[in-house]
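A structural walkthrough
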Amino acid sequence: MAESPAAERAAFLRGEIERHNHAYYVLDAPSIPDAEYDRLFRELQEIEAAHPDLQTPDSPTQRVGGSPLSAFGQVVHGVPMLSLNNAFSAEELIAFDRRCRDGLGVADVGYSCEPKYDGLAVSLRYEDGVFVQGATRGDGFSGEDVTHNLRTVRNIPLRCLGKNLPPLLEVRGEVLMLRRDFERLNERQRAAGDKEFANPRNAAAGSLRQLDPKITARRPLRFFAYGVADAGAVAPAPTLHSRLMEQLAGWGFPVAAERAVAQGATGLLEYYERIGAARRALPYDIDGVVYKVDRLADQAKLGFVARAPRFAIAHKFPAEEALTTVEAIEVQVGRTGAITPVARLAPVFVGGVTVTNATLHNEDEVRRKDVRVGDTVIVRRAGDVIPEVAAVVPEKRPDTASEFIMPGHCPVCGAAIEKPEDEAIARCTGGLFCPAQRKQALLHFASRRAMDIEGLGDKLVDQLVDNAIIKTPADLYKLGILKLANLERMAEKSAANLLAAIDKSRKTTLARFIFALGIRNVGEATAKDLARHFGGLDALMAADVERLQQVPDVGPVVAASIVRFFAEPHNVEVVEQLRAAGVRWDEGAPSVSVSSLIACKIFVLTGALPTLTREEAKALIEAHGGKVVASVSKKTDYVVAGAAAGSKLTKAQELGVSILDETQFKELLA
Ligand code: 5U1
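Just so you know, the residues in each chain are numbered from 1, in the order the chain's sequence is written. Two thresholds apply to this predicted model, a pLDDT of at least 70 for residue-level local features and 80 or more for giving and counting side-chain atom pairs, whereas whole-chain, interface and lining totals are computed over all residues. Note that water and hydrogens are dropped before the side-chain values are worked out from all heavy atoms of the structure.

1. Topic: the domain arrangement of the chain
Domain start and stop positions are those given by an automatic or database domain assignment. The domain architecture assigned to the chain consists of domain 1 (5-62), domain 2 (76-316), domain 3 (321-418), domain 4 (431-504), domain 5 (510-580) and domain 6 (602-669). The gap between the C-alpha centroids of domain 1 and domain 5 is 53 Å.

2. Side note on the site of the ligand
For each residue, the test is whether any non-hydrogen atom lies within 4 Å of the molecule or strand; if one does, the residue is near. Lining the immediate environment of the ligand, one finds L82, L84, E114, P115, Y117, Y226, V290, K292 and A312. Within the side chain of K292, one N or O atom sits 3.0 Å away from a nitrogen atom of the ligand. Accessible surface is estimated by sampling points in the Shrake-Rupley manner with a 1.4 Å probe; for residues, cover comes only from the protein chains shown. Summarising the interface, the protein chains cover 86% of the accessible area of the ligand, which totals 380 Å² for the free molecule. Listed by contribution, the elements that provide at least two residues to the shell around the ligand are β3 (110-117) and β10 (286-293). Here the shell around the ligand takes three residues from β3, the largest share from any one element. Under the scheme applied here, ten amino acids are nonpolar (Ala, Val, Leu, Ile, Met, Phe, Trp, Tyr, Cys and Pro), four are charged (Asp, Glu, Lys and Arg), and all others, including Gly, are polar. Of the residues that constitute the shell around the ligand, the class distribution is seven nonpolar, no polar and two charged. Distance and chemistry together define a polar contact, namely a pair of N or O atoms within 3.5 Å, with one atom able to donate a hydrogen and the other to accept it when in protein, and with adjacent residues in sequence counting only for side-chain atoms on both sides. What counts as a helix is a DSSP run of H or I of at least four residues, what counts as a strand is a run of E of at least two, and both are numbered from the N terminus.

3. Quick look at empty space enclosed by the protein
Of the two site types, the cavity is a set of points on a 1 Å grid over the protein atoms alone where a 1.4 Å probe fits but cannot get out, and the pocket is an open set with protein on both sides within 12 Å along at least five of seven lines, each lined by residues with an atom within 4 Å of a point. Grid points are joined across faces, edges and corners, and a volume is the space filled by probe spheres set on the points. Taken as a whole, this structure holds two cavities of 30 Å³ or more when the rule is applied. As a volume, the largest cavity reaches approximately 70 Å³. As for the largest cavity, its lining consists of E18, N21, H22, V26, R63, R154, N155, I156, P157, R159, L161 and G252. Here the lining of the largest cavity spans two domains, and each of domain 1 (5-62) and domain 2 (76-316) adds at least three residues to it. Computed from the structure, the second largest cavity encloses a volume of approximately 60 Å³. Lining the second largest cavity are D529, R532, H533, P552, C600, K601, I602, G625 and K627. Split by domain, the residues of the lining of the second largest cavity number at least three in each of domain 5 (510-580) and domain 6 (602-669).

4. Focus on helix α8 (residues 241-250)
For the α-helix, the turn length of 3.6 residues means that residues three or four positions removed from each other point alike. Within α8 the residues assigned to the buried category are H241, S242, L244, M245 and L248. Buried residues of α8, viewed axially, fall in a sector of 155°; they line one side. Two residues form a contact once any of their heavy atoms are found within 4.5 Å. Those residues of α8 that are buried are in contact with β3, β7 (168-177), β8 (221-228), β9 (260-263), β10 and α10 (296-302). Downstream of α8 by one or two residues, G252 has phi in the positive range, about 100°. Remark: exposure states derive from per-residue accessible area (1.4 Å probe, protein chains only) relative to the maximum for the residue type, with buried under 20%, exposed over 50%, and partly exposed in between. Each direction from the helix axis to a C-beta atom contributes to the arc, which is the arc of those directions.

5. Side note on the nonpolar core
By size, the foremost hydrophobic cluster in this structure holds 53 residues, and its most contacted members are I453, L476 and L530. For this core, the two domains that each supply at least three residues are domain 4 (431-504) and domain 5 (510-580). With near-sequence residues (within four places) excluded, L476 lies in contact with L442, F445, I453, L456, I470 and I502. Among buried residues, the Ala, Val, Leu, Ile, Met, Phe, Trp, Tyr and Cys ones that are joined through side-chain atoms within 4.5 Å form a nonpolar core. Judged by nonpolar contacts, the second largest core, of 36 residues, contains C160, V175, L185 and V228.

6. Some thoughts on the side chain of S59
Counting through the fold element by element, S59 comes out in the loop between α2 (34-50) and β1 (74-76). The class for S59 is buried, based on a relative accessible area of 0%. For S59, the side chain forms a polar contact with the side chain of T61, separated by 2.8 Å. In contact with S59, not counting residues within four places along its chain, are R14, L44, E48 and L158.

7. Observations concerning the sheet that holds β3
For two strands to be treated as a pair, DSSP must find at least two bridges joining them. With mixed pairing, the five strands of this open sheet are ordered in space as β2-β13-β10-β3-β9. Edge strands, defined here as strands with exactly one partner in the open sheet, are β2 (86-87) and β9. Where β2 and strand β13 (residues 312-316) come together, two bridges link them in parallel fashion. Residue pairing in the sheet places A87 in a bridge with H315 of β13. Working convention: axes come from line fits to C-alpha atoms, limited for helices to the stretch in contact. Angles between N-to-C directions cover 0 to 180 degrees. In the packing of helix α3 (residues 90-104) onto the sheet, the strands contacted are β2, β3, β10 and β13, and the crossing angle to β13 comes to about 170°. Running at roughly 50° to β3, α8 makes contact with β3, β9 and β10 of the sheet.

8. Points about the sheet that holds strand β4 (residues 120-127)
The four strands lie next to each other as β5-β4-β7-β8, forming an open sheet whose pairing is antiparallel. In this open sheet, the two strands that pair with only one neighbour each are β5 (130-136) and β8. Averaged over all pairs of adjacent strands, the angle between strand axes in this sheet comes to 35°, irrespective of strand direction. Relative to β8, β7 runs antiparallel, the two being bridged by seven bridges. Each bridged residue has a counterpart across the sheet, and for L176 the counterpart in β8 is R222.

9. Looking at the pattern of salt bridges
One speaks of a salt bridge when a side-chain nitrogen belonging to Lys or Arg is within 4 Å of a carboxyl oxygen belonging to Asp or Glu. Under the defined criterion, the tally for this structure stands at 44 salt bridges. The residue R506 makes a salt bridge to D503 at a minimum N-O spacing of 2.7 Å. The partner of R532 in a salt bridge is D529, and the shortest N-O contact between them spans 3.4 Å. In this pair, R532 and D529 both sit in helix α18 (residues 524-534), three residues apart, roughly one turn of the helix. Here the salt bridges share partners, and the residues they tie into one network are R190, E196, E365, R368 and K369.

Next up, the structure:
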């Protein structure tokens, strides 16, 4: 029987919307503007409202969440959801590879590798390509029926793409929250006065286990597939796990972009190192990597032991979160006088190091997280970032726990601590008379991206300031071997090396010098912009707020900071002393070749360019006096877009920003 025009239109719209959804959420390459997507969506909603019989479970309109449940049902997994054995060291990994080789009687094994998502395992069931049921892992044999909630997860296909679909397909994978979505969700929670989540995993778990799917629908969950329950059900049956993953991607499932095939233990260890190094740049948290024997027939041969497969293993990264107790909350004074409360902790091993201090950022943060002395807390250490207190474990709070009180005076110099009403940060008002600020200012001046004085570490700066040998950065250039060699733990050779490094720093660039001055709100990028714009220090020192705001990205706050800095006679005196000590840079002619079409222009890079890497394109722009920023706004001059360009391209189109492909970009450079 011929379908009604409404039914035909609804089917067409469902297909279109899901195609655009896949492009946006799975491929990260939007295929239509948001407004057009919304129009299609509204049209489908209207048809379904007028013809309720046309509403199908795989309709994208179902992603907004249906009626609340009173409890979750139970789902028995047709194929149990196993757990993985873990390897925590290279030795354990090498032993795993040996067991696989011995079990298969071969000299070398190929493995499929991928990140180990820090999310929640789920199983998705598809009948004739349509999503019909989703369940949590539970105890591995049965889990909770969270179908309604999983339907709201935007990158889970409600209907598989492509042809050749098995009548029954059970896809396994994890639900998680991207780090940037987690930050935004917590911002929203904060603004609404709701409790924040401790980490993306907790946020994902809390969101998936909501009885009201409308709440889940508002939470930015994502799914990543890592396998199917029974690969034999897929026809033609793939012979390799890596091919099965490609097949899943073809059907519209999100799979890890970082997956790879590696040979033997050496290949696995290389993969572990590579993903470990890239870990912070990934959009989601991972706690290790997973290796699986790639040949599915070999997987079957190796089989299982207890509840874990012999053919797979999780190679874990050192833990990045751990529990410990807060022994005290003290304050630290930063370079600009910022007072940071710091939790002194019972020593705990996190992410490969022993942590005894964790930042609490500011007073508001201490109150928001309600951290008290005596509390048991979750400490997080992410890569090289300073460890922080992620959350308190309220059940473990002792009756004796005491609240933090912000001191009224600087613990180092005794000057008053002030906190402007509209700022989150309290500051010591002692300025450079405060030894703590002086030490931090010196360390900043000498740091690698500023004057790059190798060997001037915090222990040495402590001694130089505490013994009144140095008051300002200019005093560094007056140091002699005798003064240095008399300091504790300072051998003559190290003293000579330090003096050589100080001498070498005399020849610098204007951008480094401006950055080294430590002007509040002037970071490395702003210092480069200022140097490029003014060409010389005197012009910068003489500039007023209006003139400063002509520099790209310099707003009223930054401009006021700069004017305030050079209005302070002490700062001008230090600058003059530094110049008199022989600190110099090339002035006038900018140190880069400046193309008038690119100089001072703001660029955004998106997608993969055919020949240039992102780093190369950025370097070319900067070498021509332009600037690369991360997001598109009205201030953006050009967006350089390559293959699979994402939402930045759409935004540029909406704002009417000039869009260049690589050829046009090269023409502009030329
Ligand atoms: N990435 C990934 N995580 N994970 C978890 N793959 C993977 N595979 C698993 C599990 C439990 O199990 C299969 C080996 C069956």
